[in-house]
Amino acid sequence: MKIIETTFDSAFILEPTVYGDARGFFMESYNEKTFRELGFDLRFVQDNHSLSVKAGTIRGLHYQLNPRAQTKLVRVTRGAIYDVIVDIRRGSPTFGKWQGFILSADNKRQLLVPKGFAHGFCTLVNHTEVQYKVDAYYSPEHDRGILWNDPSLGIDWPMPTPVLSEKDANHPLLVDAEINFAWERIV
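Residues numbered from 1 in each chain as written. Predicted model: local features only at pLDDT ≥ 70, side-chain atom pairs only at ≥ 80, totals over all residues. Heavy atoms only, no water.

S.K.: Quick question: what am I supposed to make of the overall build of the chain here?
M.R.: The helix and strand inventory of the chain stands at two helices and 13 strands. What you see for the chain is a C-alpha radius of gyration of 16 Å, in line with the 16 Å of a compact globule of 187 residues. If one aligns the C-alpha atoms of the chain with their principal axes, the spans along those axes are about 50 × 40 × 30 Å. Across the 187 residues in the chain, those meeting the buried criterion constitute 47%. For the chain, contacts bridging at least 24 residues in sequence account for 79% of all contacts bridging at least 6. For the chain, the computed accessible surface area is about 9,900 Å², with 50% contributed by carbon and sulfur atoms. (Helix = DSSP H or I, 4+ residues; strand = E, 2+ residues; numbered from the N terminus. Rg over C-alpha atoms; globule rule 2.2 N^0.38 Å. Buried < 20%, exposed > 50% of the residue type's maximum accessible area, 1.4 Å probe, protein only. Contact = heavy atoms within 4.5 Å. Areas by Shrake-Rupley, 256 points an atom, 1.4 Å probe, with all protein chains shown as cover.)

Dropping the structure here:
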């Protein structure tokens, strides 16, 4: 598995080794031993799977507060997304900065989203399916979000008029969001 660094100190694109032939392909999307060898000490406890019927569907920007914060391993099994992460670790030199990535069933890339980041995506094609592992169970009382089009973030979404849930359309701005993450310098 190839690791591709991002703008952020603890978020990575992971590119699995894909073995293809005339029948199709095979790949390991997750292997605990391989992840440990790469330096990721994670224990995933839940798999999530979403289907977005229409292109231009935005889901996010989501996160869970401590002590139920989640690390996510995101991949697309059908279609394609523009996947966005936002650093919400107070004191971080990249606090409030974002980065976007194309994840698709074709490129098979995965995004490792660490705790302390808000996460969201916009579907680029109809009938897109996203699957992701998390290292903490869903906790409704810790579930939070930031408005997808917060002007202070300036995220360059590919669809100007997205399909949104009522919840995602009503998240607070970053300045008003409840956040309990602090950045720690990695030495």
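Moving on from the model shown.
S.K.: Mind showing me how you'd approach the nonpolar core here?
M.R.: Most often, soluble globular proteins keep nonpolar side chains buried together rather than apart. Leu61, Tyr63, Val86, Ile88, Ile146 and Trp157 are the most contacted members of the largest nonpolar core, which has 21 residues in total. Listed by contribution, the elements that provide at least two residues to this core are β6 (58-64), β8 (80-87) and β11 (117-123). Setting aside residues no more than four positions away along its own chain, isoleucine 146 makes contact with Gly60, Leu61, Tyr63, Ile88, Ala118, Leu153, His171, Pro172, Leu173, Leu174 and Ala177. In terms of nonpolar packing, the next biggest core, distinct from the first, is built from 14 residues, Ala11, Leu111, Val113 and Phe121 among them. (Core = buried A, V, L, I, M, F, W, Y, C linked by side-chain atoms within 4.5 Å.)

S.K.: Please clarify how the sheet that holds strand β10 (residues 110-113) should be interpreted in this entry.
M.R.: Each strand in a sheet pairs with another by means of backbone hydrogen bonds, the pair being arranged parallel or else antiparallel. One open sheet holds the six strands; their spatial order is β1-β2-β10-β7-β12-β5, and the pairing between them is antiparallel. Lying at the two open borders of the sheet, with one neighbouring strand each, are β1 (2-5) and β5 (46-52). Mean inter-strand twist for the sheet, computed between neighbouring axes without regard to direction, equals 25 degrees. Relative to β10, strand β7 (residues 72-78) runs antiparallel, the two being bridged by four bridges. In the sheet register, leucine 73 faces β10, and the bridge partner there is leucine 112. (Pairing = 2+ DSSP bridges. Axes fitted to C-alpha atoms, helices over the stretch in contact; angles between N-to-C directions.)

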